Amino acid sequence: MKKRSLLLFFLVLALLTGCWDQKDIETRGYVLGLAIDHYPPTPHANEKSGPEQASAAEEEKKLERMQLHTGEPVYAMTIQLPLIAKAESQSDGWPGGGQTAGSRTWEITQLGNSFFSMNREMASRTSLSLYYEHLQVIIISEEVAKKGMLDILDFFLRDPEMRRRVKIFISQGEAKSILDVVPRTQEYSSVYLAMILTNSSRNSRTVYHTDLGELICNLHDGHDFILGKVVSTEDEIKTSGGAVFRKDKMVGWATEMEMEAIHFIRNRYEGGILTVSTPEGEEGLIALEITSAKSRITPVIKGDQVSFHIEIKVEGDYSEDINLHGHEKLDVAFLKSLKKQFEKEIRKICLDTIERMQEEYGADVFHFDRVLQTEEPAYWKRMGSQWDSIFPNVEVAMDVEVDIVLLGI
Amino acid sequence: MKTEQLSAPQIMTLTVSAIFGVDVLVVQRELVTIARQDAWISLALGGILIILMGIVCYYLACLYPNMDFPQIILHVCGKFFGRLLLLPALVYDLLYTGLSLRIFAQALKMFLLSITPMVPIILFMALAAAYAVYKGIYTIGGIVDIIFPICAVTALSIIVLPLRQTIFSNLKPILFENTGNVIKGILPGFHQFTGFGIITFLFCYTRRTKGILKWYLAGLGIPIFLYVALTMVTIMVFGPSDVQSLIYPTLTLAKSIEFPGTFLERVESFVAVLWIGIVFVSVVLFLFKSTRNITVFLGLDTKYQSFVIWTQIPLLLGIALFIKNALEVIEFFSRMKYMDVILGLFVIPFVTAVALLKKRKETNQ
């Protein structure tokens, strides 16, 4: 009996251990999005329309400041918290679109120079306990990205609540303004932005591989890379094109078509549309829906000289023609000439993109350096330290093969 | 001949459970630091060495089928010299159990129970393990029978689920001017499979059927395969530079698993929960070894064994909490496991050689 009582005592004690970490769901502040802007902002970034709004903003600014142990505030960190009670009470029909900005969310901004201390300072402004496990996106302003990513990343890597698959975007302009958007088909702009990427199989102009893990792997390996670009209006968000990074600093933007080319070359093309004019010089357009694209980069070494041979194999379906009576012309000869036209177009956008990245940014976003490290390690060992000066002059040859599989009905 | 008996398949499950343990969280880190993208080759070579040493352990156990390792060592090497050889094994098993509890608690605190203090996590795990040991090897075998499929599924899921994120070229170049480092990584690779000698503690509880060696080798082969695959997948997902910066590469790997849409957003919660079972059986088996070592070392009668089990609890708590810094614990844990290399590569072959000579002498007489 005594033994059983003792065992029961320990069993009850063991059950109590769970209580230490008990947290009521309504007391958690689920951070969905996080924006990082530079402080002080550029003069045009925070313009207000009227004197009343300006004074309200000034009042709020006082709360955003915190006492710092050392230095001056350098960053403005904004988090987006969902107001779950409000989301439930207003869920009549589609959310967003006409609702006032922030009605379902609370965006808290804090100024400071350490993200961890800014995070803890926010605890003095909300009764909720901030929780990052469900963080969807981190938006970084162009200004911050140009100063370097290494300075700001540690908090996001060290904190166990952060996930390596959190999406990272670079905003053209103020990062906080993306969180302020009230999308038409989603409750929260952060979730909306993260979910846009699920369309990457339909549109290769967005950067799908734009997460914390991808970023940190590139930084550790010393590769140049691309992160997704994001722009917004009051109720719309668009992510298309990319921010080009040389080492950890942003050096410029890649256009939508350049993103297609980069995806082709890096074997990351998940699907999209390619449009060409008709082969016979008529004023028509033909669209190919690309269903599969594979690439292979082979380095060619001659002494100390290196060049690359890129093979791209594309499969797609004839999906549309404009201003062209395609059904009358669809024969083997026409398709052959069309195939050549698509091949020429892919080759052109790829070579143009390589040239611009070489000449304008000197950024090896195609990871040719990685190909050398893995395929020609002896060359890399000998010449790797000079890669920054070799890359802008590297010659690239390209073979593109397009197969048109389906023709519609 | 002990009264309790284990079946041949249980030898496999017990061997796998002894080898698996807290190491599964950190197995890649040390090896990638040494051999970078070729770390998996070092681990595979360490695994081959483990199989060879495992066979030596098996033959040592066969020479004295009614005794376990501490009894054999004292019988073969004499009371004084035997105790001298048993002491490092005794210290190693205690340290391994204590530090396993600590690494388990700190990883659990980091990823699951952030507010719960470490002391109760360690204490209750140790108490539960001690109770299992107190109930005897047959009960331990039963627990392992339940937990083994969970271990296997967990390990397999950690390997298979991140495959979408792997980049094969991260494993390249293979062996390019790196052979020296790969060789340097063999011993650290060897000690990742600590616990392989469990057969010397279990054989005396078996029915001595012919299939035992086969099941034991399967028990060695499963963790070798899973650890090598886990290391390869981790390198393919993160790249060798990134792996070196991760304190718990396996948990970070689980956190990196992504499915299209928002399906299964937090796979690591399942992994962490199942992993508790893996660590638990490993701690149970090492506590069992350590209990037997202490009992025989002190020359105590088996009836006092339960007293030995419970008195180890404060000792384990002390070992677990002795070092404050999380990274220092992991580094000390890795360094401490070189004791197992010495035990596995020198002490056990030495004892086996002496045992063979002794047996031959006895036969001649």
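Residues numbered from 1 in each chain as written. Chains lettered and ligands numbered in written order. Predicted model: local features only at pLDDT ≥ 70, side-chain atom pairs only at ≥ 80, totals over all residues. Heavy atoms only, no water.

## Digging into the overall build of chain A
- Along the backbone of chain A there are 15 helices and 14 strands.
- In chain A, which comprises 409 residues, the proportion classed as buried is 49%.
- A total accessible area of about 20500 Å² is found for chain A, and carbon and sulfur atoms account for 52% of it. (Helix = DSSP H or I, 4+ residues; strand = E, 2+ residues; numbered from the N terminus. Buried < 20%, exposed > 50% of the residue type's maximum accessible area, 1.4 Å probe, protein only. Areas by Shrake-Rupley, 256 points an atom, 1.4 Å probe, with all protein chains shown as cover.)

## Regarding the interface of chain B and chain A
- Chain B puts 32 residues into the contact, and the matching count from chain A is 31 residues.
- Here chain B packs against chain A, burying approximately 2800 Å² in sum over the two surfaces, 51% of which is carbon and sulfur.
- Summed over the shared surface of chain B and chain A, the number is nine residue pairs in polar contact (both at pLDDT 80 or more).
- Elements with a minimum of two residues in the side of chain B that touches chain A: α6 (118-135), α11 (212-238), α12 (240-244) and α13 (249-255) of chain B.
- Ranked by residues supplied to the side of chain B that touches chain A, first place goes to α6 of chain B with four residues.
- Here the side of chain B that touches chain A is built from residues that sort into 14 nonpolar, 10 polar and eight charged. (Contact = heavy atoms within 4.5 Å. Buried area = accessible area lost by both parts, 1.4 Å probe. Polar contact = N/O pair within 3.5 Å; in protein donor to acceptor, adjacent residues only side chain to side chain. Nonpolar A, V, L, I, M, F, W, Y, C, P; charged D, E, K, R; others polar.)

## Details of the domain arrangement of chain A
All names here are of chain A.
- Taken domain by domain, chain A comprises domain 1 (26-42 + 56-254) and domain 2 (259-406).
- Each of domain 1 and domain 2 was reduced to a C-alpha centroid, and the two centroids are 33 Å apart.
- Contacts between the two partners involve 27 residues from domain 1, matched on the other side by 22 residues from domain 2.
- Interface area for domain 1 against domain 2, summed over the two sides, is near 1900 Å², with a carbon-plus-sulfur share of 49%.
- Counting across the domain 1 and domain 2 interface gives three salt bridges.
- Note that Lys 247 and Asp 388 form a salt bridge whose closest N and O atoms lie 3.8 Å from each other.
- In this structure, the connection of domain 1 to domain 2 is made through 13 residue pairs in polar contact (both at pLDDT 80 or more). (Domains from an automatic or database assignment. Salt bridge = Lys/Arg side-chain N within 4 Å of Asp/Glu carboxyl O.)

## Considerations on the side chain of Asp 235 of chain A
- In this fold, Asp 235 of chain A is placed in the loop between β8 (225-232) and β9 (237-246).
- Excluding its chain neighbours within four sequence positions, the residues that come into contact with Asp 235 of chain A are Val 181, Val 182, Pro 183 and Arg 184 of chain A.

## A look at the packing of aromatic side chains
Residues and elements named next belong to chain B.
- Per the counting criterion, the structure on display carries 27 aromatic pairs over all chains.
- Here the aromatic rings of Phe 20 and Tyr 227 are separated by 5.5 Å at their centres, their planes lie at 50°, and the arrangement is tilted. Here Phe 20 is found in the loop between α1 (8-19) and α2 (23-35), whereas its partner Tyr 227 is found in helix α11, with 207 residues between them in sequence. Of the two residues, Phe 20 and Tyr 227, both sit in the buried class. (Phe/Tyr/Trp six-rings, centres within 6.5 Å; stacked < 30°, edge-to-face > 60°.)

## Topic: the pattern of salt bridges
- In this structure the tally under the stated criterion is 28 salt bridges over all chains.
- Here Asp 242 of chain B and Arg 164 of chain A are joined by a salt bridge, their closest N and O atoms 2.2 Å apart. Of this pair, Asp 242 of chain B sits in helix α12 while Arg 164 of chain A sits in the loop between α6 (150-158) and β7 (167-171), on two different chains. The pair Asp 242 of chain B / Arg 164 of chain A is uniform in exposure class, with both members buried.
- Its salt-bridge partner being Glu 258 of chain A, residue Arg 356 of chain A comes within 2.4 Å of it at the nearest N-O pair. Of this pair, Arg 356 of chain A sits in helix α12 (residues 332-361) while Glu 258 of chain A sits in helix α10 (residues 256-265), and the two are 98 residues apart along the sequence.
- Members of the salt-bridge network, linked through shared partners, are Arg 205, Lys 238, Glu 256 and Glu 260 of chain A.

## Here's the deal with the nonpolar core
- Within the largest apolar cluster, 137 residues are counted, with the highest numbers of intra-cluster contacts made by Phe 20, Ile 73, Ile 140, Phe 196, Tyr 248 and Trp 275 of chain B.
- Sorting elements by how many residues they give to this core places helix α5 (residues 79-111) of chain B first, with 16 residues.
- Excluding its chain neighbours within four sequence positions, the residues that come into contact with Phe 20 of chain B are Cys 151, Ala 155, Leu 226, Tyr 227, Ile 278 and Ser 282 of chain B.
- Judged by nonpolar contacts, the second largest core, of 51 residues, contains Val 207, Ala 254, Ile 354 and Val 402 of chain A. (Core = buried A, V, L, I, M, F, W, Y, C linked by side-chain atoms within 4.5 Å.)

## Some words on the sheet that holds strand β3 (residues 75-82) of chain A
Residues and elements named next belong to chain A.
- Within the open sheet, the eight strands sit side by side as β4-β3-β2-β6-β7-β8-β9-β10. Their pairing is mixed. One side of each edge strand has no neighbouring strand; the edge strands of this open sheet are β4 (105-112) and β10 (249-254). Here the strands of the sheet are splayed against their neighbours by 30° on average, with no regard to which way each runs.
- Along the sheet, helix α8 (residues 189-196) makes contact with β2 (33-38), β3, β6 (137-141), β7, β8 and β9, crossing β9 at roughly 70°.
- Taken strand by strand, helix α9 (residues 212-221) contacts β7 and β8, and its axis lies near 140° from that of β8. (Pairing = 2+ DSSP bridges. Axes fitted to C-alpha atoms, helices over the stretch in contact; angles between N-to-C directions.)

## Let's talk about the packing of helix α4 (residues 69-77) of chain B against helix α14 (residues 267-297) of chain B
All names here are of chain B.
- It is at 8 Å that the axes of α4 and α14 come closest, and there the two elements cross at 35°. Between α4 and α14, the contacting residues are Pro 70, Gln 71 and Leu 74 on the first element and Arg 292, Asn 293 and Val 296 on the second.
- Looking at the contact of α4 with α14, its residues break down into three nonpolar, two polar and one charged.

## Observations concerning the sheet that holds strand β12 (residues 285-302) of chain A
Residues and elements named next belong to chain A.
- One open sheet accounts for four strands, arranged β11-β12-β13-β14; its pairing is mixed. Each end of this open sheet is capped by a strand with a single partner; those strands are β11 (272-277) and β14 (395-404). Going across the sheet, the axis of each strand differs from the next one's by a mean of 40°, ignoring polarity.
- In this structure, strand β13 (residues 305-322) lies alongside β14, joined through 10 bridges in parallel fashion. If you follow Ile 312 over to β14, its bridge partner there is Val 400.

## Some details on the environment of Arg 164 of chain B
- Its place among the elements puts Arg 164 of chain B in the loop between α7 (137-160) and α8 (179-184).
- It is 52 Å that separates the C-alpha atoms of Arg 164 of chain B and Val 354 of chain B, two residues lying 190 residues apart in sequence.

## Observations concerning the side chain of Asp 340 of chain B
Residues and elements named next belong to chain B.
- The topology assignment puts Asp 340 in helix α17 (residues 338-364).
- Despite being buried, Asp 340 has no salt bridge partner; Lys 289 is the closest side chain of opposite charge, sitting 5.9 Å away.
- Apart from residues no more than four positions distant in its own chain, Asp 340 is found in contact with Tyr 92, Phe 190, Thr 194, Gly 195 and Phe 196. (Lys, Arg positive; Asp, Glu negative; His and termini not counted.)

## A short note on α7 of chain B
Residue and element names in this part refer to chain B.
- Spanning 24 residues, α7 covers 33 Å between terminal C-alpha atoms, matching the ideal 34 Å at 1.5 Å per step.
- Residue Ile 147 marks the point of greatest curvature in α7, where the axis turns by about 35°; the proline Pro 149 follows within four residues.
- Residues of α7 that are buried: Ile 137, Ile 140, Gly 141, Val 144, Ile 147, Phe 148, Cys 151, Thr 154, Ala 155, Ile 158 and Ile 159.
- Considering only its buried residues, α7 is in contact with α1, α6, α10 (199-202), α11, α13 and α14. (Expected span 1.5 Å × (residues − 1). Bend = angle between axes of the 7 residues up to and from the residue.)

## So, unusual backbone geometry
- The omega torsion across Lys 172 of chain B and Pro 173 of chain B is -5°, close enough to zero to call that bond cis.
- Positive phi is not limited to glycine here, since Asn 267 of chain A has a value of about 60°.
- With respect to the helices and strands, the residue Asn 267 of chain A is situated in the loop between α10 and β11.
- Even without being glycine, Arg 36 of chain B reaches a positive phi, approximately 45°.

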